[in-house]
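Summary of the model geometry
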Amino acid sequence: MSARILDGKAIADALIQDIKQQVEEQRSAGQRAPGLAVILLGADPASAIYVRNKRRACETAGVLSLSHDLPAETSQAELLGLIARLNDDPQVDGILVQAPLPGHIDAATIIEAIRPDKDVDGFHPYNIGRLAVRQPLLRSCTPYGVMRLLHTTGVALRGLHAVVVGASNHVGRPMALELLLAGCTVTVCHSATRDLAGHVARADIVVAAVGRPEMVQGAWIREGSLVVDVGINRRPDGSLVGDVEFAVARERAAWITPVPGGVGPMTVASLLQNTLEAAKRH
Ligand code: GUN
């Protein structure tokens with residue numbers, strides 16, 4: 001079997017058009033455009049590309065993007081001061097601080113300083129907690145985007161065995177909570193997991209989010225499964241590759257996401273969706 005491709009780029013473009021229409025309707029009703037403040041510290045090339053994509057998507061959707069590009073040496077106190085001002089700014093519905101942050105800044109302190117109702121990344125412990133108790137508000141963008149991709153397959157997720165490879169705060173953990181909410185039986189694998197290949201081979205759904213090029217081998221993939229690759233790794237020759245060995249996995253899976261053009265655009269679409277929802281509540 002050769003898998004069908006889960007075209008995240010096309011699905012995200014359609015979602016962004018839908019958000020654009022909702023923004024236009026709000027504006028026609030006399031309301032202001034949703035506002036997203038994007039904070040970038042330093043000049044990490046990958047972060048600069050991600051942030052540029054987010055700002056462009058804002059422009060497409062009619063969301064006001066407020067840029068705060070700061071030097072890498074910005075102190076934690078200065079960053080907290082900016083977040084406090086944005087928390088109080090009625091023009092700002094969402095605040096995003098691009099990760100990774102320089103080593104002198106404590107990411108958890110920064111995330112917790114963002115008002116939960118403006119936490120459009122869905123990283124704040126309040127929003128993760130809401131998802132854990134089945135009352136999601138602002139949902140973590142990548143897992144939310146993955147769920148929307150999975151739903152487009154038309155496959156009923158309830159009762160399926162989902163294996164998440166990677167247990168990070170931003171992706172693996174909220175991903176497991178999303179799949180649990182959808183009625184899946186969930187296994188989370190991480191660096192201490194024994195027999196990773198055996199777990200993956202028993203999965204109806206595999207979500208790989210480890211950040212290691214092709215570490216999930218194609219031969220592990222169960223025939224007819226759904227494979228979602230969150231990884232974006234740059235090879236020495238500059239090409240991009242996911243966490244899954246795509247060429248082999250696609251011969252076994254029923255559905256698979258490409259890298260690039262799979263999960264990445266869905267993360268951005270979810271960010272705009274969260275910003276619109278936050279604006280509606282404000
Ligand atoms: N760095 C890589 N992905 C993300 C993301 O989704 N949000 C933020 N804030 N930083 C990131």
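A few points on the structure.

What counts and what doesn't
Residues numbered from 1 in each chain as written. Predicted model: local features only at pLDDT ≥ 70, side-chain atom pairs only at ≥ 80, totals over all residues. Heavy atoms only, no water. Salt bridge = Lys/Arg side-chain N within 4 Å of Asp/Glu carboxyl O. Helix = DSSP H or I, 4+ residues; strand = E, 2+ residues; numbered from the N terminus. Pairing = 2+ DSSP bridges. Contact = heavy atoms within 4.5 Å. Axes fitted to C-alpha atoms, helices over the stretch in contact; angles between N-to-C directions. Phe/Tyr/Trp six-rings, centres within 6.5 Å; stacked < 30°, edge-to-face > 60°. Lys NZ or Arg CZ within 6 Å of the ring centre and 35° of its normal. Near = heavy atom within 4 Å. Polar contact = N/O pair within 3.5 Å; in protein donor to acceptor, adjacent residues only side chain to side chain. Areas by Shrake-Rupley, 256 points an atom, 1.4 Å probe, with all protein chains shown as cover. Expected span 1.5 Å × (residues − 1). Buried < 20%, exposed > 50% of the residue type's maximum accessible area, 1.4 Å probe, protein only.

**Focus: the pattern of salt bridges**
Here the structure, examined in full by the defined rule, presents 8 salt bridges. Where Arg-32 meets Asp-93, a salt bridge forms, and the shortest distance between an N and an O atom there is 2.8 Å. Residue Arg-32 is found in the loop between helix H1 (8-28) and strand E2 (35-41), and its partner Asp-93 is found in the loop between helix H3 (76-88) and strand E4 (94-97); the two are separated by 61 residues along the sequence. Residue Arg-55 is joined to Asp-69 by a salt bridge in which the shortest nitrogen-to-oxygen separation is 2.8 Å. Placement of the pair is Arg-55 in helix H2 (residues 45-61) and Asp-69 in strand E3 (residues 64-70), with a sequence separation of 14 residues.

**Observations concerning the sheet that holds strand E11 (residues 255-256)**
The strands making up a sheet associate through backbone hydrogen bonding, with each pair oriented either parallel or antiparallel. Across the sheet, which stays open at both edges, the 6 strands sit in the order E1-E11-E8-E7-E5-E6 with parallel pairing between neighbours. On the outer flanks of this sheet lie strand E1 (4-5) and strand E6 (185-189), each paired with one strand and no other. Looking at chain direction, strand E7 (residues 205-208) and strand E8 (residues 226-229) are connected through 4 bridges and run parallel. When the bridges of E8 are listed, Val-206 appears paired with Val-227. On the sheet, helix H7 (residues 172-181) packs against strand E5 (161-165), E6 and E7 and is oriented at approximately 170° with respect to E5.

**Observations concerning the packing of aromatic side chains**
Tallying each qualifying case throughout the model produces 0 aromatic pairs. The ring centre of Tyr-144 lies 4.6 Å from the NZ or CZ of Arg-148, which sits over that ring.

**Observations regarding the site of the ligand**
Close to the ligand lie Lys-54, Leu-96, Val-97, Gln-98, Ala-99, Asp-121, Phe-123 and Thr-267. Contacts to the ligand include Gln-98, whose side-chain N or O atom sits 3.0 Å from a nitrogen atom. One of the backbone nitrogen or oxygen atoms of Ala-99 is found 2.9 Å away from a nitrogen atom of the ligand. For the ligand, the protein covers 78% of the area, taking 280 Å² as the surface of the free molecule.

**Describing H1**
For H1, with 21 residues, the first-to-last C-alpha span of 30 Å sits near the 30 Å given by 1.5 Å per residue. In the core, the buried residues of H1 are packed alongside H2, helix H6 (141-152) and helix H10 (263-281). Just downstream of H1, Gly-30 is the residue with a positive phi angle, here 90°.

**Let's talk about H6**
An α-helical turn contains 3.6 residues, so any two residues separated by three or four positions project in the same direction. Over its 12 residues, H6 extends 17 Å from the first C-alpha to the last, a length consistent with the 16 Å expected when each residue adds 1.5 Å. Most of H6 sits out of view: 10 of its 12 residues are buried. The set of residues buried in H6 consists of Cys-141, Thr-142, Pro-143, Tyr-144, Gly-145, Val-146, Met-147, Arg-148, Leu-149 and Leu-150. Where H6 is buried, its residues contact H1, H7, E7, E8 and H10.

None of this, on its own, says anything about what the molecule does.
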